[in-house]
Amino acid sequence: MERRVYIETFGCQMNEHDTERILRLLEGSHYLETKNAKEADFILINTCSVREKPEHKVYSALGRYKWLKEKRGVIIGVAGCVAQQEGDKLLDRVPYLDMVIGTHAIPMLPQLLKKIEFSGQRVCETGFDPEGNYLKTILPPKPLDKVNLSAPRSEDRGLLKVHPEPRFVTQPLKAGLRVVERVKSYVTIMQGCDHFCSFCIVPYVRGREQSRSSREIIEEVEYLAEMGVKEVCLLGQNVNGYGKGLEEEIGFSELLGRINQIEGIERIRFTTSHPKDFSEKLIQAFSKLPKLCEHIHLPFQSGSDKILKAMHRGYTKESYLEKIDHLKEVCPSIALTADVIVGFPGEEEEDFKETLDLMGKVQYDDLFSFKYSPRKGTRAAQFQDRVEEKVKQERLSTLQEIQKEITLRKNQELEGRVKEVLVEGRSRQSAQDVAGRTRSNKIVNFGGNLELVGQLVPVRIIKAYPHSLRGEIIPTHCRSENAPAYQQAGVGK
Ligand code: SF4
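Cut-off values and rules
- Residues numbered from 1 in each chain as written.
- Predicted model: local features only at pLDDT ≥ 70, side-chain atom pairs only at ≥ 80, totals over all residues.
- Heavy atoms only, no water.
- Phe/Tyr/Trp six-rings, centres within 6.5 Å; stacked < 30°, edge-to-face > 60°.
- Helix = DSSP H or I, 4+ residues; strand = E, 2+ residues; numbered from the N terminus.
- Buried < 20%, exposed > 50% of the residue type's maximum accessible area, 1.4 Å probe, protein only.
- Pairing = 2+ DSSP bridges.
- Near = heavy atom within 4 Å.
- Nonpolar A, V, L, I, M, F, W, Y, C, P; charged D, E, K, R; others polar.
- Polar contact = N/O pair within 3.5 Å; in protein donor to acceptor, adjacent residues only side chain to side chain.
- Core = buried A, V, L, I, M, F, W, Y, C linked by side-chain atoms within 4.5 Å.
- Contact = heavy atoms within 4.5 Å.
- 1 Å grid on protein atoms, 1.4 Å probe; cavity = no way out; pocket = protein on both sides within 12 Å on 5 of 7 lines; lining within 4 Å.
- Points joined across faces, edges and corners; volume = space filled by probe spheres on them.

J.: Sorry, what's going on with the packing of aromatic side chains here?
T.: What describes a pair of aromatic rings is the distance from one ring centre to the other and the angle between the planes of the rings. What the rule picks out here adds up to 11 aromatic pairs. For the pair Y6 and Y65, a centre-to-centre distance of 6.1 Å together with 70° between the ring planes defines the contact as edge-to-face. With Y6 in strand β1 (residues 3-9) and Y65 in helix α2 (residues 54-72), this pair connects stretches of sequence that are 59 residues apart. By relative accessible area, Y65 is classed as buried at 6%. On the numbers, 6.2 Å between centres and 50° between planes, the contact of F270 with F286 is tilted. With F270 in strand β11 (residues 267-271) and F286 in helix α11 (residues 280-288), the pair connects residues that are 16 residues apart, well separated along the chain. Considered together, F270 and F286 belong to a single accessibility category, that of buried residues. In this structure an aromatic cluster arises from ring pairing among F199, F344, Y372 and F383.

J.: Sorry, what's going on with the pairing of β1 here?
T.: Regular strands have side chains that alternate between both faces of the sheet. Alignment of β1 against strand β2 (residues 31-33), held across three bridges, turns out to be parallel. Across the sheet, the residue bridging to R4 is L32, located in β2. As paired elements, β1 and strand β3 (residues 42-47) share five bridges and run parallel to each other. Pairing of Y6 across the sheet is with I43, part of β3.

J.: Quick question: what am I supposed to make of the site of the ligand here?
T.: In the vicinity of the ligand, the contacting residues are C193, H195, F196, C197, F199, C200, V202, P203, H274 and R313. Of the residues assigned to the shell around the ligand, the class counts are seven nonpolar, two polar and one charged.

J.: Just to check I follow, could you spell out the side chain of K410 for this structure?
T.: Tracing the backbone shows K410 in helix α15 (residues 389-412). Accessibility expressed as a relative area gives 17% for K410, which makes it buried. At 2.9 Å, the side chain of K410 and the backbone oxygen of Q363 are in polar contact.

J.: Got a minute to help me understand the nonpolar core in this structure?
T.: Where a protein is soluble and globular, its nonpolar side chains tend to be buried together. In this structure, L234, F252, F270 and Y320 are the most contacted members of the largest nonpolar core, which totals 55 residues. What Y320 contacts, discounting residues up to four positions off in sequence, is P275, L298, P299, F300, Y315, A338, L358, V362 and Y364.

J.: What exactly am I supposed to notice about empty space enclosed by the protein here?
T.: Leftover empty space is mapped by rolling, across the atoms, a probe with the size of a water molecule. Inspection of the entire model under this criterion finds two cavities of 30 Å³ or more. Quantified by volume, the second largest cavity comes out at close to 40 Å³. Around the second largest cavity sit D18, I22, N46, A79, G80, I101, G102, T103, I106 and R206, which together line it. Broken down by secondary-structure element, the contributors of at least two residues to the lining of the second largest cavity are α1 (13-27) and β4 (75-80). Partitioned by chemical class, the residues of the lining of the second largest cavity number four nonpolar, four polar and two charged.

In structure tokens:
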């Protein structure tokens, strides 16, 4: 019998991708997704403890679903970073909670769910998996017309196999739909982090860096290409650390090189990079790999060396700027985004000015800015010299005002130019428009129908806004002006 699962997701792309993985995994246990919590048999809150007030958000979400437990006996679970961090304390505090499942335990979800269904027992699984099996991808079955019956089965290729063959033969439409619907897809290449920045909870809740084998990753990207996906975004907390601990000798830039050769994939992105590990090889990849998009998200967090040291970031303002300058030389059309924290303990006016100075020098296309707030269990949570809330807010507003102007000006520089846009779907602004992204990751809205979805089209930018661009499709296919660095170097696509 088919049942329904509703997942509420907090946080970053990694978490959203985990939600996708959970949904695929649960399809194998006959749980299909619903967008309406009221009709769910299983409600899962997939949590993030990186952003603000994580525990508070979890408890308030649990409070919202209590009546469904009382009325219909729905199963309720908490997954992700807060689950990892809090463990069975969550079960103690919320008597109607059935399941707590940590970041490494996702593959066990169907078994745990069965246990609850049959015995009513409450479960908590938050162990770390030193083998890295939790990173294996659960691929949906291919539609029938894409099945090569002589190909090796997924188990033989080291991928977790979820659906028995007969199920997708009888339900061909469901097969692959989650992927086929989309033109871009996320692929986890590693998880965890070895850096232990003093403000960050990630190494404690996601564990140490673990990479997937390149063979698994390549097979997944080939699969996605075959299903029509044009763009892949490689995910990891520190993608630059890719390859550490693997038996094979491979680093992140080599992995990018291999993915660049996969037919059907037109664009490659990745997130997130740590400036300390941002290597010369990776900088050169932006000029050598035609499919690598001209955009990088490189968090700097602060422009003050004193604060960077307290954050345990492992670089200085000068060494960060050197890397950025070099990157701009190698790839002049690169778009830059970053994360920055204001009001870290000990941040004085001078330190904040250093941050503004760094922003002025780099001229980011966009910034994700946050006020510092302590995370339980991190070193910085014990730092005493806290910045007043009012000061933090003032600094954040100042910084955001400055960045708003830079972002708008950078967008205005694109007016009148033609950009290659990968069309992703209906525009949120108008039912007559579609929306897509440039290689530099800017959103462009323009008139067009849904048949364009999945296509790379040349679009002239006619108007710039702070968060998006307005364009018009140009009728004849011609090359976009933002010919990537590989074209400037005379290498064909
Ligand atoms: Fe957290 Fe620092 Fe690792 Fe990024 S590099 S995930 S901020 S510990």
